[in-house]
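Structure assessment
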Amino acid sequence: MTTNPYLQKWVDEVAQLTRPDRIHWCDGTEEERERLTREDLERGSLEELNQQKLPGCYLRRTPEHDVARTEQLTFICTSKKEDAGPTNNWMSPHDAYEKLSMIFDHSMVGRTMYVIPFIMGPVSSPYSRIGVQITDSNYVVLNMRIMTRVGKVALDELGDDSNNFTRCLHGKADMDIHHRFICHFPEDNTVWSVGSAYGGNALLGKKCLSLRIGSYFGNKEGWLAEHMMIMGVEDPSGKITYIAGAFPSQCGKTNLAMLVPPVSQKGYKVWTVGDDIAWLHVGLDGRLWAINPEAGFFGVAPGTSYKTNPNAMATIQKNTIYTNVLKTLDNTVWWEGMDGEPPRSGIDWKGHPWTPASGEKGAHPNARFTAPAKQCPSISSEWENPQGVPISAILFGGRRAKLNPLVYQTFSWNDGVYAGATMSSETTAAATGAVGVVRRDPMAMLPFCGYNMGDYFKHWIEMGRRLKNPPKVFHVNWFRTDDSGKFLWPGFGENLRVLRWVIERCEGHGEAVESPIGYLPKKIDITDLSMTPDAMSELLKVNRNTWRTELASQKEFFSQFGSDFPKELWQEHAALENRLSS
Ligand code: GTP
Ligand code: SPV
Ligand code: MN
């Protein structure tokens, strides 16, 4: 399928190592999808769902130990350990190649090795990047075909004599968690992942290329690869403001990107550009421009409903792969938080008979849907614009029950970088490990930064110097709770009320009150909301004592970077300390 000598040589080398029975070059055609699907249906690793109700939709159940990203098995393999920084797991490239080669050795005997050329980013965008993933998993191919632009279009873009593509090697091997490693070799523009077929571990265009490898190149080349959704908010006059938002995994990016304005917000529309990843470049106009490198959504199923996210529900009615959801008696799908009553019985994500009384979750808390972005009713007409969209505001946010107010605007770009660098959030089911524990997650990139995070902060500061018109930077928190643990803010569509203040601030007119941490809204429109003024003032409360404790914890976090840390963020830290004590 290609005459590119670099690509041919690499595919030969991998085949020598893994010894597949067959090699198949993915062309991205419909026949290919049908054949791969049929094979998986025959093997029982995919189940056909009700084709009247959910045409083109299939269900996959993964092994119980392979349901989320495994951060402890994810490594940045740079020649020097300090280049990976204190927040990443590190392995030397030599050790990693050796260790993983042993696992990959003959691991594809009896299997087909798929070669998937893919583009991250719109076709013929100067900001897009080419990857080629090798895998022995049909499921991974089927997902990659939705999440990226695959086949001939990618080979054409790569050309006959370019070596400029990310080599993404993936294999199931024996699927033993003790033989699972997700290793990144940014110096070689290479990813090797073995032993998992789940999402971010296995769809290597996503977190591995677009964030870990991407951020490494972004630092070298002067752009940013971020864990951000991108949305356009159209006001009643037709003016569209583009906003990018970084929230940790399972903290509301997809929902915000697909927001449906409530009836009280007449004349507003929201357009979805991306729901998980943004690549940001400095434009000739001195603004920050964003593309979405992905072509699909790998979204969280639980909590998704016609009430919370109707655009997502509409998107996933066809051509969707569901992973680890509950299957109902009529072969449709269900998960916790879906509309209406739970089904009276079904087959749970583990493949066992389930009833609401069984006391078990029907869907895994990190159950997901994979669906083409173009099926989304709110998809922006600009989502494949090769130049991207100009960003007016950046939102940082997370789940913090008590600390952060609903929204505040930072004082400057550097103060905004500080707000991003000090982000913290309660952990979720998107990664294995305890759920609900507060951890620092700078810019929602803690698990995804492909180099030393201290240098990453410096790079953010440097980007600000190059932006004549930088976006305004805000912090949001949809997850603040009252004393009984209930969310104070209705969230979802109602978040538009907060975005309206954000946009007013970008335009220079929204009214604000200054607080030690930043500008708070003088007023958020709560017409038609059953919210008490007390709840609103609780939502916007900045408790000086809690923030002083927070400062100490930030200091501890910053200190681990030693000299690899921008002095500007220490200055912002000191400035906040001063404002809190004055
Ligand atoms: P990843 O795909 O893991 O990166 O997640 P994400 O950041 O895209 O989060 P997503 O939008 O899928 O939301 C995660 C969970 O949070 C879902 O169960 C949502 O229903 C819930 N959620 C999203 N937005 C809100 C909100 O505004 N308020 C509340 N209370 N919950 C929300
Ligand atoms: C996340 O965990 O942030 C996700 C899902 O978007 S995964 O692709 O598994 O990383
Ligand atoms: Mn994500």
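Residues numbered from 1 in each chain as written. Chains lettered and ligands numbered in written order. Predicted model: local features only at pLDDT ≥ 70, side-chain atom pairs only at ≥ 80, totals over all residues. Heavy atoms only, no water.

Thoughts on the site of ligand 1
Of all residues adjacent to ligand 1, which total 21 residues, the nearest are Gln250, Lys253, Thr254, Asn255 and Arg368. Within the contact set of ligand 1, an oxygen atom lies 3.0 Å away from a side-chain nitrogen or oxygen of Asn495. About the coverage of ligand 1: the protein hides 92% of its 660 Å² of free accessible area. Considering every element that reaches the shell around ligand 1, the biggest residue donor is helix 8 (residues 253-257), with three residues. Of the residues belonging to the shell around ligand 1, the class tally is eight nonpolar, nine polar and four charged. (Near = heavy atom within 4 Å. Polar contact = N/O pair within 3.5 Å; in protein donor to acceptor, adjacent residues only side chain to side chain. Areas by Shrake-Rupley, 256 points an atom, 1.4 Å probe, with all protein chains shown as cover. Helix = DSSP H or I, 4+ residues; strand = E, 2+ residues; numbered from the N terminus. Nonpolar A, V, L, I, M, F, W, Y, C, P; charged D, E, K, R; others polar.)

Quick look at the packing of helix 10 (residues 413-421) against helix 15 (residues 567-581)
Packing of helix 10 against helix 15 leaves a shortest axis separation of 9 Å and a crossing angle of 90°. Considering their axes alone, helix 10 and helix 15 lie roughly perpendicular with respect to each other. Residues Asn414, Asp415, Val417, Tyr418 and Ala421 of helix 10 pack against Glu568, Leu569, Glu572, His573, Leu576 and Arg579 of helix 15. Taken together, the residues of the contact of helix 10 with helix 15 break down into five nonpolar, two polar and four charged. (Axes fitted to C-alpha atoms, helices over the stretch in contact; angles between N-to-C directions. Parallel < 35°, antiparallel > 145°, perpendicular 65-115°, else oblique. Contact = heavy atoms within 4.5 Å.)

Some words on the domain arrangement of the protein chain
Reports often express the size of an interface as the amount of accessible area lost when the parts come together. Domain assignment breaks the protein chain into domain 1 (5-45 + 70-222), domain 2 (226-295 + 381-581) and domain 3 (297-375). With centres defined by C-alpha atoms, the gap from domain 1 to domain 2 works out at 31 Å. Residue-level contacts link 38 residues of domain 1 with 34 residues of domain 2. At the boundary of domain 1 and domain 2, one finds five salt bridges. Here Arg439 ties to Glu71 by a salt bridge, and the two come within 2.9 Å at their closest N and O atoms. The interface formed by domain 1 and domain 2 holds 18 residue pairs in polar contact (both at pLDDT 80 or more) in total. Taken together, the elements giving at least two residues each to the side of domain 1 that touches domain 2 come down to strand 6 (112-120), helix 4 (138-147) and helix 7 (205-221). The dominant element in the side of domain 1 that touches domain 2, judged by the number of residues it contributes, is helix 7, at 10 residues. (Domains from an automatic or database assignment. Salt bridge = Lys/Arg side-chain N within 4 Å of Asp/Glu carboxyl O.)

Details of the environment of Pro365
As for its placement among the helices and strands, Pro365 is situated in the loop between strand 23 (353-354) and strand 24 (368-372). C-alpha separation for the pair Pro365 and Pro302, spaced 63 residues apart in sequence, amounts to 6.2 Å. Non-local contacts of Pro365, meaning those with residues more than four positions away in its chain, are made with Gln250, Val300, Pro302 and Ala429.

Here we look at the coordination of the manganese ion (ligand 3)
Looking at the manganese ion (ligand 3), one finds its protein donor set to be Lys207 (NZ), His227 (NE2) and Asp276 (OD), positioned 2.1 to 2.8 Å from the metal centre. Metal-centred angles of 62 to 169° between the six donor atoms at the manganese ion (ligand 3) mark the site as irregular. Mapped onto the sequence, the residues coordinating the manganese ion (ligand 3) show the spacing K-x19-H-x48-D. Within this pair, whereas Lys207 is found in helix 7, its partner Asp276 is found in the loop between strand 15 (269-274) and strand 16 (278-282), the two being separated by 69 residues in sequence. (Donors = N, O, S within 2.8 Å, 3.2 Å for Na, K, Ca; no water. Tetrahedral: all angles 85-135°; square planar, octahedral: opposite > 155°, others 65-115°.)

Some words on helix 7
Residues that lie three or four places apart on an α-helix share one face, since the helix turns once every 3.6 residues. With 17 residues, helix 7 extends just 19 Å between its outermost C-alpha atoms, more than 12% less than the 24 Å of an ideal straight helix rising 1.5 Å per residue. The largest bend in helix 7 comes to about 45°, at Gly214. The element helix 7 is extensively covered by neighbouring structure, given that 14 of its 17 residues are classed as buried. (Expected span 1.5 Å × (residues − 1). Bend = angle between axes of the 7 residues up to and from the residue. Buried < 20%, exposed > 50% of the residue type's maximum accessible area, 1.4 Å probe, protein only.)

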